[in-house]
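# Analysis of the macromolecular model
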Amino acid sequence: MPSSALCKQITIDICIFIFCLCLPLLALFIWGQPATNGFWCNDQSLSFPYKPDTVSQNLLLLVGFGAPFFVMTVTEFLRAALRTKVPRRFKREMFCLAKAYGVFLFGVATNVIFTDTIKYSVGRLRPHFFDLCKPDFVKINCTDNNIARYVSEYECTNTEVDHRLLRDSRLSFPSGHASVSMYSALFTVFYLQLRMKVSFSYLLRPVIQVFLVVVALLCCLTRITDHKHFLTDVLAGSILGVTVAWLSFYKLGNKVIPSPEPQQPTPSNIRRATSIESEPQTPTPLLRPERLVLSHNHLQHNGFRNGSSQSMVKDQFGNV
């Protein structure tokens, strides 16, 4: 593709990414309000204590964005360094890195849009909702005689927490940590499967892939132990992240990220093939059918004496 056409395509894609994905996400984060849901009196599933995050949001973003970039960069540098030292080839590998990470960022934005849209639409209460909100159960008549009562109108009395934290307590389904961590891990696994070709080890690539998936699973499990999500929230977020990673890589990435070139034949193989093909070959003669070919010695051995036998042979071989 000419450089001018390539620059035009990159500019258009960046504009689409910013205006169609990033800005809607920013607007949803600033002005979005989750759906208001009620609760049952004495709901034990919402009575867990509030705990700080084991995997904070900043750590999630750092690892979720930084780990794939680091793995992709090292992979492309190794490909360029081990295969050839031609500067043109090195530039091509770095350009492949830029395209792959661009597809990764597009998938991240798509994944977050799906996750947050479902979050704000469902408005499921987190397991620590009562500890943060502290609703006045006496005012809403949640007494022992009304345990099975569903409360749809309530007011949070806890004034010591920030309003953004109270809003976040109504964004349980699905888990954002699970969707982002599984997306980052699975996209990187797919990338390594396509681009990482090593001949000195059979276990290096699968060990890295397993490590990435295990780290993502640990991140998902901390959301349950920290009382941030229910099990169904984590499962839904994980499924969403895996699905978006597969679609982003195999439906878009395969068209953008080049596949490795097939291995070129070695000089020894070339010489061997040349030597075999260069040997003189005897042209295949136009052979008669074996059942009609009789040698002169064979005729003498069988002793064709009478004229009828000789005439029969002559009739059979006269036109040959």
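Below or above, wherever it landed, is the structure these notes cover. (Residues numbered from 1 in each chain as written. Predicted model: local features only at pLDDT ≥ 70, side-chain atom pairs only at ≥ 80, totals over all residues. Heavy atoms only, no water.)

We now examine the packing of helix 7 (residues 204–225) against helix 8 (residues 231–256). Close contact between helix 7 and helix 8 brings their axes to 9 Å; oriented N to C, the two are set at 155°. Taken as axis vectors, helix 7 and helix 8 run roughly antiparallel relative to one another. The two elements helix 7 and helix 8 cross, and the hand of that crossing is right-handed. Every residue of helix 8 that contacts helix 7 at Cys220, Arg223 and Ile224 is listed here: Leu231, Val234 and Ser238. (Axes fitted to C-alpha atoms, helices over the stretch in contact; angles between N-to-C directions. Helix = DSSP H or I, 4+ residues; strand = E, 2+ residues; numbered from the N terminus. Parallel < 35°, antiparallel > 145°, perpendicular 65-115°, else oblique. Left-handed = near helix turned anticlockwise from the far one by under 90°. Contact = heavy atoms within 4.5 Å.)

It is worth spelling out the side chain of Lys228 at this point. Tracing the backbone through its elements, the reader meets Lys228 in the loop between helix 7 and helix 8. A distance of 2.5 Å separates a polar atom in the side chain of Lys228 from the backbone oxygen of Lys51. In this structure Lys228 touches Tyr50, Lys51, Pro52, Asp53, Arg126, Pro127, His128, Ser172 and Arg223, once residues within four positions along its chain are discounted. (Polar contact = N/O pair within 3.5 Å; in protein donor to acceptor, adjacent residues only side chain to side chain.)

Of the pockets and cavities examined, the largest pocket occupies roughly 1,100 Å³. Where the lining of the largest pocket is concerned, the elements lending two or more residues are helix 1 (3–31), helix 2 (57–83), helix 3 (87–122), helix 5 (163–168) and helix 6 (176–195). Broken down by element, the lining of the largest pocket gets its largest block of residues, 8 residues, from helix 3. Residues of the lining of the largest pocket, tallied by class, amount to 17 nonpolar, 7 polar and 10 charged. Approximately 700 Å³ is the volume found for the second largest pocket. For the second largest pocket, the lining is made up of 20 residues, of which Ile10, Asp13, Lys99, Gly102 and Val103 are closest to its centre. Where the lining of the second largest pocket is concerned, the elements lending two or more residues are helix 1, helix 3 and helix 8. Take the lining of the second largest pocket: its biggest share by element is 9 residues, from helix 1. In the lining of the second largest pocket, the residues fall into 15 nonpolar, 2 polar and 3 charged. (1 Å grid on protein atoms, 1.4 Å probe; cavity = no way out; pocket = protein on both sides within 12 Å on 5 of 7 lines; lining within 4 Å. Points joined across faces, edges and corners; volume = space filled by probe spheres on them. Nonpolar A, V, L, I, M, F, W, Y, C, P; charged D, E, K, R; others polar.)

Applying the stated criterion across every chain yields a total of 1 disulfide. Put simply, Cys133 and Cys156 are joined by a disulfide, and their sulfur atoms are 1.9 Å apart. Taking the sign of the S-S torsion, about -100° here, the bridge from Cys133 to Cys156 comes out left-handed. Separated by 23 residues along the polypeptide, Cys133 in helix 4 (residues 129–133) and Cys156 in the loop between strand 2 (150–151) and helix 5 bring together distant segments of the chain. For Cys156, a relative accessible area of 28% translates into the label partly exposed. With no disulfide partner, Cys219 has as its closest neighbouring cysteine sulfur the one in Cys220, 5.7 Å distant. Cys219 gets classed as buried once you look at its relative accessible area, which sits at 7%. (Disulfide = S-S within 2.5 Å. Buried < 20%, exposed > 50% of the residue type's maximum accessible area, 1.4 Å probe, protein only.)

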